[in-house]
Each structure stands twice: as C-alpha cells, then as structure tokens.
There are 4 protein chains.
Amino acid sequence: MPKRAISEESKEDRRNFILSCAEEIVKTNGLSGLNIQSVAKKSGFATGTIYLYFANKEDLIAHLTLDSRKELLRIFEKSIVGEGLAMKQLSKVMEAFFHFYETRPHYYELVSFFEKNTGLEEPEELELMSRKINQLVADILKKGKKQGHIRNDLDEMTFSFLLWGSSVGILQLLEVKKSIIKRTLNTDSFDFFSKHIELVLHAIKVD
Amino acid sequence: MPKRAISEESKEDRRNFILSCAEEIVKTNGLSGLNIQSVAKKSGFATGTIYLYFANKEDLIAHLTLDSRKELLRIFEKSIVGEGLAMKQLSKVMEAFFHFYETRPHYYELVSFFEKNTGLEEPEELELMSRKINQLVADILKKGKKQGHIRNDLDEMTFSFLLWGSSVGILQLLEVKKSIIKRTLNTDSFDFFSKHIELVLHAIKVD
Amino acid sequence: MPKRAISEESKEDRRNFILSCAEEIVKTNGLSGLNIQSVAKKSGFATGTIYLYFANKEDLIAHLTLDSRKELLRIFEKSIVGEGLAMKQLSKVMEAFFHFYETRPHYYELVSFFEKNTGLEEPEELELMSRKINQLVADILKKGKKQGHIRNDLDEMTFSFLLWGSSVGILQLLEVKKSIIKRTLNTDSFDFFSKHIELVLHAIKVD
Amino acid sequence: MPKRAISEESKEDRRNFILSCAEEIVKTNGLSGLNIQSVAKKSGFATGTIYLYFANKEDLIAHLTLDSRKELLRIFEKSIVGEGLAMKQLSKVMEAFFHFYETRPHYYELVSFFEKNTGLEEPEELELMSRKINQLVADILKKGKKQGHIRNDLDEMTFSFLLWGSSVGILQLLEVKKSIIKRTLNTDSFDFFSKHIELVLHAIKVD
DNA sequence: GATGAATGAGGCTTCATTCAT
DNA sequence: CATGAATGAAGCCTCATTCAT
C-alpha cells in the first residue's frame with residue numbers, strides 16, 4: 001500500500017506541477033497563448049504525457065480555473081478572520097479580491113472561458129467552489145443584518161451574485177483601461193477599486 | 001443623383017452588410033467562432049472580397065465593436081429624452097443597457113478583445129465613443145448633484161467608469177450563469193439586473 | 001489624323017508613365033514587391049486599366065526590363081563618345097555600367113526574371129537590345145585589336161558575353177554583400193568594382 | 001546502440017530527406033516553385049510535419065543554401081588535393097565550381113535569396129561557410145605569390161570576392177542564355193566557362 | 001506510464017486576372 | 001477606353017490530438 005500511496009501522491013504532484021506551468025503561461029501570454037505544446041515544453045513532459053493527466057485542453061483549463069477559485073476561497077476565508085463586524089468583513093473580502101486579481105491579470109479570461117465555447121458547461125466541482133464563495137458572502141450579509149448594520153430588505157444571495165459580477169467587471173475594466181483610468185481620474189488602481197467598495201457599502205448599509 | 005454617390009453609398013451598404021453578417025456570426029458562435037471565411041460565406045462574397053472592406057480580421061472586429069458602441073450611445077441618448085430627473089435618467093440608461101446587452105450576448109467579448117491581444121490598442125474612434133458614453137453618464141451625475149439628489153462627494157468620472165465596469169460585469173455574469181441565477185434566486189434576468197440598478201441608485205443618492 | 005496622333009501619343013505616354021511607376025516600385029520594394037494593384041495605385045489608374053496597356057504582369061516586367069536595357073545601351077554609347085582608345089572605351093563602358101547599376105539595385109532581378117519562370121522566353125525585342133549591347137562591346141574589342149592593344153587570340157563575342165556575365169555577377173555580389181565587402185576589404189563599392197575593371201583590362205591587353 | 005542515438009540519427013535523416021526533397025523541387029521548378037505544401041507532398045509527410053524540422057520556409061531555404069555551400073567547400077577542397085601549383089589549383093577550383101553549378105541550375109537563386117527579402121540576414125552559419133570558401137581561394141592566391149606565379153600587387157581577399165562574383169555571374173548567364181550562347185558562339189557551356197578561367201588566370205599571372 | 005513524431009484541418013492573407021458597367 | 005469590385009486559388013503557419021514504440 002505504501003508504494004501505491006507514494007505513486008498516487010507523485011502523480012498528483014506531477015498533475016499540479018503541470019497546472020502551475022500552465023498558469024504561468026496564462027499569466028505571461030494570456031489564455032490565447034496557452035497551448036498544449038507550450039505546457040509540455042515548460043513542464044518538461046512530452047506532449048502526449050499532458051494527455052495522461054488531462055483529458056483535453058478544455059479539461060486543463062477547467063482545472064486551472066478550479067485551482068484559482070479554490071485559492072480565492074482560501075484567501076477570502078483568511079481575510080475575514082478576526083474581524084467581527086460584517087461591514088468590515090465585506091470590505092476585507094473585497095480588498096482581498098482586488099489583490100488576488102492584481103497578481104492574475106488574466107484570471108477573468110479563465111472565468112469566462114466556459115461560456116465562450118458554446119455548449120460548454122462548467123464542470124461540477126467548479127460550480128461547487130462558486131457556490132461556496134457565494135455562501136461566504138451571503139453569510140457575512142446575514143450576520144450584518146443581525147448586527148443591524150445592513151439593510152434587511154436585501155436578499156443575501158442576490159447581493160452575493162451582484163457583488164461578484166460587479167467586482168469582476170470593474171477589475172476587468174481596470175485590466176483593459178488601466179492607463180486611461182489612471183490618466184483620466186488621476187488615481188491608481190487600488191484607489192479606483194476602493195471607490196467601488198465604498199459605494200457598495202454605502203448601498204447596503206442601514207441609513 | 002451622381003453615379004459616384006450611388007456607388008459610394010452602395011459600397012457603404014455592402015460594408016455594413018458584411019458587418020451585420022459578422023455580427024450574426026458572433027451572436028451565434030461567439031467571437032472565437034468568427035473567421036473571415038465564415039463571414040465571406042454568410043455574406044455571399046468571396047474571401048478576398050472581405051479584405052476590400054476591412055484591412056484584416058482585427059479591423060473588422062474593431063468596426064464591429066465601434067458599431068455596437070455607436071448604437072449604444074444612440075440608445076442611451078434616446079433613453080433619457082423627456083426625463084428631467086437625473087436619478088430617473090440614470091435608471092433609464094441602465095435599463096437601456098440591459099436591453100441592449102440582452103440582444104448581444106457576446107458583446108463583452110468584443111469590448112475586451114483589444115486588450116486580450118497584447119499590444120493591440122483600441123482604434124482611436126473606438127476610444128472616442130467610449131469617452132462620449134462616459135461623458136453622458138457624468139453629465140447626468142452633475143445634473144443630479146445640482147438637483148440635490150445625488151451626493152456631492154462623488155467624482156462624476158470615477159462613478160461613470162465604475163458604473164460601466166460593474167454593469168458589464170453583471171451582464172456577463174448573467175450571460176454565463178443565467179440558469180444558475182434563475183434557479184438559485186428564482187427571478188428572471190431583468191429582475192436581477194433591477195436589483196443592481198436599485199443598489200447603485202441607493203449608493204449615490206443623498207440621504 | 002492629328003487627333004489620332006495625339007491620342008496615340010498620349011497612349012504611349014500613359015504606358016510609359018505606368019512603366020515608370022512600376023520601376024519606382026521595384027526600386028523601392030524589389031521585384032517581389034511589385035504587384036498590379038500597387039502599380040495601379042501609384043499611377044492613379046484603375047487595376048483593370050493596367051491590363052489595357054500590358055497583357056499581363058509578365059508583359060509589364062518584360063517592358064520594364066526592355067526599358068532598362070534601352071537606357072543601358074544609350075548610356076554605353078554616350079560613355080565612349082570622344083574616346084579613341086579601345087582600352088579606355090572599355091574602361092568607360094564598365095564604369096558606366098557600375099553607375100547605371102548603382103541607381104537600380106534591383107535591376108538584376110529583372111534581368112534574371114525570365115528564366116526563373118520555367119518555360120518563359122525572353123521577348124524578342126528584349127533579345128535584340130541584348131544583342132546590340134553585345135555588339136557594342138565586340139566592336140570595341142575589334143577596334144582594340146586593330147590598335148594593337150588587345151590580344152588577337154580573343155573571340156570578341158565570347159569576351160562580350162563573359163564581360164557581361166562577370167560584371168553583373170560582381171554587381172550582384174556588391175548588392176548582396178556590400179557591408180561585408182566594405183568591412184572585410186576596407187574599400188567602397190566603386191573601388192571594389194574598379195579592381196574588376198583593372199583585372200579585365202589586364203587579362204585582355206597585349207603584353 | 002542506445003535508443004536515443006538511433007532516433008536522433010533517424011531524425012537527422014528525415015531532416016535531410018526533407019531537405020533533399022526541397023532541393024529537387026527547386027531544381028525542377030525554381031525557388032519560386034518551392035512551397036511547404038509541395039515539400040510535404042514530395043516527402044510524404046503532412047504539412048505540419050515540415051515545421052517540426054524547420055522553423056519556417058525561410059529556415060528551410062537557409063539550410064538548403066547551407067548544405068549547398070558545405071558541399072561546395074568539400075568539392076573545392078577535394079579539387080586541389082595533390083596539386084602543388086597555385087595556378088593549377090585555381091583552375092581546378094573553378095572547374096569544380098562549373099561542375100557543381102551545372103547540376104544545380106537554381107543554386108544562385110538560393111545564394112541571392114537572403115538579400116532579396118529586405119531585412120533578411122544570412123544566418124550565421126551560412127556566412128561562416130562563405131568565409132571559409134573565400135579563405136580557401138585567398139590561401140591559394142597567397143601560395144601563388146610565394147611561388148612567383150601570381151602578381152604580388154593583388155589583394156587576396158579582394159580577388160577572392162571578385163572571382164566568386166564573376167564566376168557566379170557567368171554561370172547565371174549560362175543558365176539564362178545557354179541556347180543563345182551556344183548558337184552565337186558555337187561552343188558548349190564548358191568551353192565558354194573555360195574561356196573565363198583562362199582570362200582570370202591571365203589577369204593575375206606574373207608577366 | 002511516457003514519449004514525441006506525425007497529423008491535417010483550419011485560419012489568415014495576397015494578388016493576378018476578369019468582367020459588368 | 002476606363003473602371004474597380006469581385007474572385008478564389010494558393011501559400012504560410014498553428015495546434016489539439018493520436019498512436020506506435
């Protein structure tokens with residue numbers, strides 16, 4: 001059994017290694033710059049070997065996305081530790097999102113990959129992570145309501161979706177128009193995103 | 001009715017026809033499903049003919065985007081006609097955005113095309129349209145401040161960018177997760193987007 | 001008749017104009033950069049119009065070459081005027097060749113065009129000009145023999161061909177390796193070609 | 001007999017095979033008749049396979065040229081073996097050139113390929129071979145001077161370049177005008193080229 | 001398991017030439 | 001005569017995937 005366990009483990013390791021290589025490529029060249037040959041080269045494996053670990057390119061991308069979301073959930077959970085106030089927690093989560101995003105300028109390409117390709121559904125596990133992230137935000141909301149700081153007439157799940165969508169959209173905008181925004185508004189990216197946070201908090205707080 | 005004028009006109013017509021064919025393809029198959037050959041086939045022209053009207057594929061995409069933005073501006077302008085209150089105008093503009101978007105599920109792919117391809121800058125005219133749209137929103141804000149309905153401590157341009165980014169993001173989310181949202185929240189797309197409008201208005205209104 | 005004559009003339013003019021435009025393109029972009037569309041654009045005519053003056057692209061190139069050779073003959077003839085000594089005349093002709101060539105870096109592409117395209121024969125008129133140029137050199141040789149300065153055991157026509165071939169070859173080499181030659185030999189193009197002249201004269205002179 | 005070595009070797013073999021197929025095409029149809037598809041077809045590989053062995057068409061042409069030059073150097077070296085007199089060696093080298101060329105009517109197209117395409121530089125290795133060939137001739141010259149048979153006032157490198165250029169030019173002329181030359185001069189190609197050799201030797205010999 | 005050579009369809013673009021007006 | 005829009009074959013190159021070893 002030990003032997004098996006070891007090889008199981010190393011297989012998992014190799015899989016993760018390939019994934020990390022792929023991620024680096026996406027970071028550098030964007031999703032469109034990702035191809036199996038380059039992943040093989042970077043990881044030191046042969047082309048065919050990649051297909052031993054992933055059914056196809058799409059599967060690889062799915063796992064790339066999944067990993068990102070897993071990490072995002074971890075980051076979110078860490079960000080609210082030790083903070084009692086829901087409003088503050090929300091703020092922390094959003095800031096964490098900003099920082100997560102900043103190191104992954106091409107992340108939204110991954111996120112949006114699955115609907116760009118007609119008929120492609122998100123793999124199940126991927127959706128699970130999304131739901132967990134959603135739940136985390138919804139829980140904060142609920143807590144905020146109890147604390148009396150957040151409007152009671154606000155569906156938690158709806159807000160969670162809206163927050164996600166709007167935040168991703170603004171980070172995309174930053175990615176696309178960073179220089180224009182900087183020039184026009186005379187602020188840096190974080191200042192800009194902070195305004196978003198401020199507006200969101202304002203929108204949901206009890207007057 | 002000089003001959004010149006006619007041919008000029010019909011040339012413009014054919015150009016627009018090609019553009020509309022391309023748009024249809026994007027609608028159906030997404031941007032990644034757009035290729036010159038398919039545009040040629042759909043429009044009934046030969047491959048080379050497309051290149052008489054557009055310098056290359058990128059140029060065609062640019063004009064696709066440009067046309068969309070032009071129409072969006074038109075729609076925005078029309079949406080606020082006859083409405084005196086800034087808050088109402090903003091609401092109308094956002095609703096118009098929703099309806100515009102609903103008929104162009106792949107529009108954001110166009111919008112984000114130019115930065116996904118490293119080094120590709122937005123053509124000038126394209127940026128001009130963006131600026132005009134931004135200005136339209138900023139003007140409404142300014143008016144709202146005068147009317148005393150919108151917070152004075154809100155930079156108009158910043159808000160304009162944020163509104164754009166968040167709205168596009170939410171519409172993307174709808175596109176990607178329409179069914180999940182419907183299932184989870186038990187609402188339709190417009191209801192969902194209306195919540196976004198409501199939150200935005202709440203965020204900026206004078207208490 | 002006047003009218004006809006005029007239009008005849010202007011037709012010839014337009015033809016020459018097109019030719020000069022084509023030549024300029026070859027000068028700038030090389031023969032491979034020459035295409036009917038660019039000739040049309042540069043000359044201000046429509047694409048189809050070019051085909052009213054030249055049967056096809058090949059025909060146009062043939063006339064381009066023909067014109068060059070005509071001018072070359074003119075230049076050769078002028079170069080020997082007023083010079084009585086055959087050896088000096090030969091020297092003058094070769095110098096003239098160098099200068100002619102220098103302003104037409106892509107001339108040899110034209111010269112060699114006709115055999116690169118399998119089965120293509122030189123148009124008759126083109127050959128006539130070649131023969132005339134050959135004759136001019138042969139005549140100088142004959143004269144030089146009479147003057148007692150040039151070896152009698154030298155077939156004039158053979159030499160004429162050899163001179164042409166070797167000189168074109170050396171000018172091509174200069175074109176291709178100008179910088180290497182300059183660097184390696186520490187001379188300029190004319191110095192280099194002068195060595196060629198010197199060697200040729202040395203090779204044929206009576207000891 | 002390690003497996004690695006075998007596959008390495010066979011890979012090299014296949015590469016050479018592709019090269020030889022390409023060479024045959026150039027021989028038959030000229031450089032302009034060379035296209036990747038035809039190389040693939042002739043070699044029995046798929047289009048994409050060619051790109052496993054050569055980065056692009058240009059690279060393939062470069063190696064075609066390189067191979068030719070390598071062989072030319074080999075031939076030159078062999079041609080002078082066992083011959084002590086520099087003048088005789090030069091003669092042998094030139095004869096060898098003639099024979100080499102005769103079996104490669106399109107060789108000069110390869111040689112001149114790299115400058116016809118603006119901005120295209122000769123690959124380094126290619127230049128190295130040129131330099132070696134040049135050096136071989138220069139060495140013969142030097143030796144001839146020592147032997148007292150070749151003029152001392154002759155720069156070896158200059159002569160080497162001139163010899164190359166003139167010889168290539170004459171062989172090109174032969175290629176283009178073989179039939180005219182035959183008809184006009186009543187000699188065969190080798191006789192014609194021999195005259196060139198004779199003139200060159202005459203030009204450099206000590207009187 | 002691992003390899004990596006091979007595949008070949010697919011996509012972009014060019015350009016000589018034609019032809020209806 | 002002149003136009004210039006249209007053609008479409010041809011060529012370069014990429015890359016997801018397969019399969020024999």
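Not measured: the values here are computed from a predicted model. (Residues numbered from 1 in each chain as written. Chains lettered and ligands numbered in written order. Predicted model: local features only at pLDDT ≥ 70, side-chain atom pairs only at ≥ 80, totals over all residues. Heavy atoms only, no water.)

## Some words on the pattern of salt bridges
- Enumeration over the complete set of coordinates arrives at 24 salt bridges over all chains.
- Of the charged contacts, one joins arginine 151 of chain B and aspartate 153 of chain B as a salt bridge, the two residues approaching to 3.1 Å between their closest N and O atoms.
- A residue is classified by how much of its surface remains accessible, and arginine 151 of chain B, at 8% relative accessible area, is buried.
- For the salt bridge of lysine 145 of chain D with glutamate 156 of chain D, the shortest nitrogen-to-oxygen distance reads 2.8 Å. Remark: glutamate 156 of chain D occurs in helix H8 (residues 156-185) and lysine 145 of chain D occurs in helix H7 (residues 124-146); sequence separation between them is 11 residues. Take lysine 145 of chain D and glutamate 156 of chain D: they sit in the same class, and that class is buried.
- One network of salt bridges, in which partners are shared, links Glu23, Glu71 and Arg104 of chain A. (Salt bridge = Lys/Arg side-chain N within 4 Å of Asp/Glu carboxyl O. Buried < 20%, exposed > 50% of the residue type's maximum accessible area, 1.4 Å probe, protein only. Helix = DSSP H or I, 4+ residues; strand = E, 2+ residues; numbered from the N terminus.)

## Some details on the interface of chain B and chain A
- Taken together, the contact pairs 43 residues of chain B with 41 residues of chain A.
- Across the chain B/chain A interface, buried area totals approximately 3,700 Å², and carbon plus sulfur atoms make up 66% of it.
- If you look at where chain B meets chain A, you find 2 salt bridges.
- A salt bridge links arginine 151 of chain A to glutamate 198 of chain B, with the nearest nitrogen and oxygen atoms 3.0 Å apart.
- Taken together, the links from chain B to chain A amount to 7 residue pairs in polar contact (both at pLDDT 80 or more).
- For the side of chain B that touches chain A, the secondary structure elements donating two or more residues are helix H1 (3-29), helix H6 (107-116), helix H7 (124-146), helix H8 (156-185) and helix H9 (189-204) of chain B.
- The element that contributes the greatest number of residues to the side of chain B that touches chain A is H8 of chain B, accounting for 18 residues.
- A breakdown of the residues in the side of chain B that touches chain A according to their chemical character gives 17 nonpolar, 13 polar and 13 charged. (Contact = heavy atoms within 4.5 Å. Buried area = accessible area lost by both parts, 1.4 Å probe. Polar contact = N/O pair within 3.5 Å; in protein donor to acceptor, adjacent residues only side chain to side chain. Nonpolar A, V, L, I, M, F, W, Y, C, P; charged D, E, K, R; others polar.)

## Let's talk about the protein's contact with DNA strand F
- Taken together, 36 residues surround DNA strand F, and among them Lys57 of chain A, Arg14 and Tyr53 of chain B together with Arg14 and Thr49 of chain C come closest.
- The contact atoms of DNA strand F, taken as those within 4 Å of the protein, divide so that sugar and phosphate hold 64%.
- One nitrogen or oxygen atom from the side chain of threonine 49 of chain C is found 2.6 Å from a phosphate oxygen belonging to DNA strand F.
- Between lysine 57 of chain D and DNA strand F, the recorded distance is 2.8 Å, taken from a side-chain N or O atom to a phosphate oxygen.
- Mapped by element, the contributors of at least two residues to the surface near DNA strand F are helix H2 (36-43) and helix H3 (47-53) of chain A, H1 and helix H3 (47-53) of chain B, helix H1 (2-29) and helix H3 (47-53) of chain C together with helix H2 (36-43) and helix H3 (47-53) of chain D.
- Per element, the largest residue contribution to the surface near DNA strand F is 5 residues, and it comes from H3 of chain C.
- Looking at the surface near DNA strand F residue by residue, the classes come out as 14 nonpolar, 16 polar and 6 charged. (Near = heavy atom within 4 Å.)

## Some thoughts on the interface of chain D and chain C
- Every contact between the two is made by 43 residues of chain D and, on the other side, 41 residues of chain C.
- Carbon and sulfur atoms supply 66% of the area buried between chain D and chain C, which totals about 3,700 Å² over both sides.
- Counting across the interface, chain D meets chain C through 7 residue pairs in polar contact (both at pLDDT 80 or more).
- Mapped onto the side of chain D that touches chain C, the elements with two or more residues apiece are helix H1 (3-29), helix H6 (107-116), H7, H8 and helix H9 (189-204) of chain D.
- Examining the composition of the side of chain D that touches chain C, we find that 18 residues originate from one element, H8 of chain D, more than from any other.

## Some remarks on the packing of aromatic side chains
Residues and elements named next belong to chain A.
- Evaluation of the coordinates by the stated rule reveals 28 aromatic pairs over all chains.
- Measuring from centroid to centroid gives 5.9 Å for phenylalanine 76 and phenylalanine 97, while their planes differ by 85°, and the two rings are edge-to-face. Of the two residues, phenylalanine 76 sits in helix H4 (residues 57-79) while phenylalanine 97 sits in helix H5 (residues 86-102), which places them 21 residues apart along the sequence.
- A relative accessible area of 2% means that phenylalanine 76 is categorised as buried.
- Owing to a relative accessible area of 4%, phenylalanine 97 belongs among the buried residues under this scheme.
- Across the ring face of tyrosine 53, the terminal group of lysine 11 is positioned such that the distance to the ring centre comes to 5.7 Å. (Phe/Tyr/Trp six-rings, centres within 6.5 Å; stacked < 30°, edge-to-face > 60°. Lys NZ or Arg CZ within 6 Å of the ring centre and 35° of its normal.)

## Section: the relation of the copies chain D and chain C
- With an axial shift of 0.0 Å and an RMSD of 0.4 Å, the rotation relating chain D to chain C amounts to 179°. Expressed as a symmetry operation, the mapping of one chain copy onto the other fits a two-fold axis.
- Of all interface residues in chain D, 93% are interface residues in chain C too; the two copies therefore contact each other through one and the same surface. (Least-squares fit on C-alpha atoms with pLDDT ≥ 70 in both.)

## Some thoughts on the domain arrangement of chain A
All names here are of chain A.
- Segmenting chain A into domains produces domain 1 (1-54) and domain 2 (56-204).
- Centre-to-centre, using C-alpha coordinates, domain 1 lies 27 Å away from domain 2.
- Of the roughly 1,300 Å² buried where domain 1 meets domain 2, counting both sides, 72% is carbon and sulfur surface.
- A per-residue breakdown of the area domain 1 buries against domain 2 is headed by Leu19, Leu31 and Phe54, which together make up 41% of the total.
- In this structure, the salt-bridge partner of arginine 104 is glutamate 23, at a minimum N-O distance of 3.9 Å.
- Mapped by element, the contributors of at least two residues to the side of domain 1 that touches domain 2 are helix H1 (2-29) and H3.
- Top element by residues in the side of domain 1 that touches domain 2 is H1. It accounts for 8 residues.
- Grouping the amino acids of the side of domain 1 that touches domain 2 by side-chain chemistry returns 10 nonpolar, 4 polar and 3 charged. (Domains from an automatic or database assignment.)

## Some details on the relation of the copies chain B and chain A
- Between chain B and chain A, the superposition needs a rotation of 179° and an axial shift of 0.0 Å, giving an RMSD of 0.4 Å.
- The overlap is high: 93% of the interface residues of chain B also sit at the interface in chain A, so the same surface is used on both sides.

## Points about the protein's contact with DNA strand E
- The immediate surroundings of DNA strand E are formed by 36 residues, with Arg14 and Thr49 of chain A, Lys57 of chain C together with Arg14 and Tyr53 of chain D found nearest.
- Counting only atoms of DNA strand E within 4 Å of the protein, the fraction found in sugar and phosphate groups is 63%.
- Between DNA strand E and the protein, one listed contact pairs a phosphate oxygen with a backbone N or O atom of isoleucine 36 of chain C at 2.8 Å.
- In this structure, threonine 49 of chain D approaches DNA strand E through a side-chain N or O atom, which is 2.6 Å from a phosphate oxygen.
- The set of elements that each furnish at least two residues to the surface near DNA strand E consists of H1 and H3 of chain A, helix H2 (36-43) and H3 of chain B, helix H2 (36-43) and H3 of chain C together with H1 and H3 of chain D.
- No other element matches H3 of chain A, which puts 5 residues into the surface near DNA strand E.
- Per-class residue counts for the surface near DNA strand E are 13 nonpolar, 16 polar and 7 charged.

## Topic: H5 of chain A
Residue and element names in this part refer to chain A.
- Counted at 1.5 Å a residue, the expected span for H5 with its 17 residues is 24 Å, and the 24 Å between its end C-alpha atoms agrees.
- By the criterion of burial, H5 is predominantly enclosed, with 12 of the 17 residues buried.
- Every buried residue belonging to H5 is among Ala86, Met87, Gln89, Leu90, Ser91, Val93, Met94, Ala96, Phe97, Phe98, Phe100 and Tyr101, and all of these are buried. (Expected span 1.5 Å × (residues − 1).)

## Digging into unusual backbone geometry
All names here are of chain B.
- Despite not being glycine, asparagine 186 shows a phi value in the positive range, around 60°.
- Inspection of the secondary structure assignment puts asparagine 186 in the loop between H8 and H9.
- Looking at asparagine 186, the relative accessible area reads 70%, which means it is exposed.

## Structural notes on the packing of helix H9 (residues 156-185) of chain C against H9 of chain D
- Across the interface, H9 of chain C lies against H9 of chain D with an axial gap of 10 Å and an inter-helix angle of 80°. The angle between H9 of chain C and H9 of chain D places the two elements in the roughly perpendicular class. On H9 of chain D, the residues that touch Thr158, Phe159, Phe161 and Leu162 of chain C of H9 of chain C are Phe192, Lys195, His196 and Leu199 of chain D.
- Residues of the contact of H9 of chain C with H9 of chain D, tallied by class, amount to 5 nonpolar, 2 polar and 1 charged. (Axes fitted to C-alpha atoms, helices over the stretch in contact; angles between N-to-C directions. Parallel < 35°, antiparallel > 145°, perpendicular 65-115°, else oblique.)

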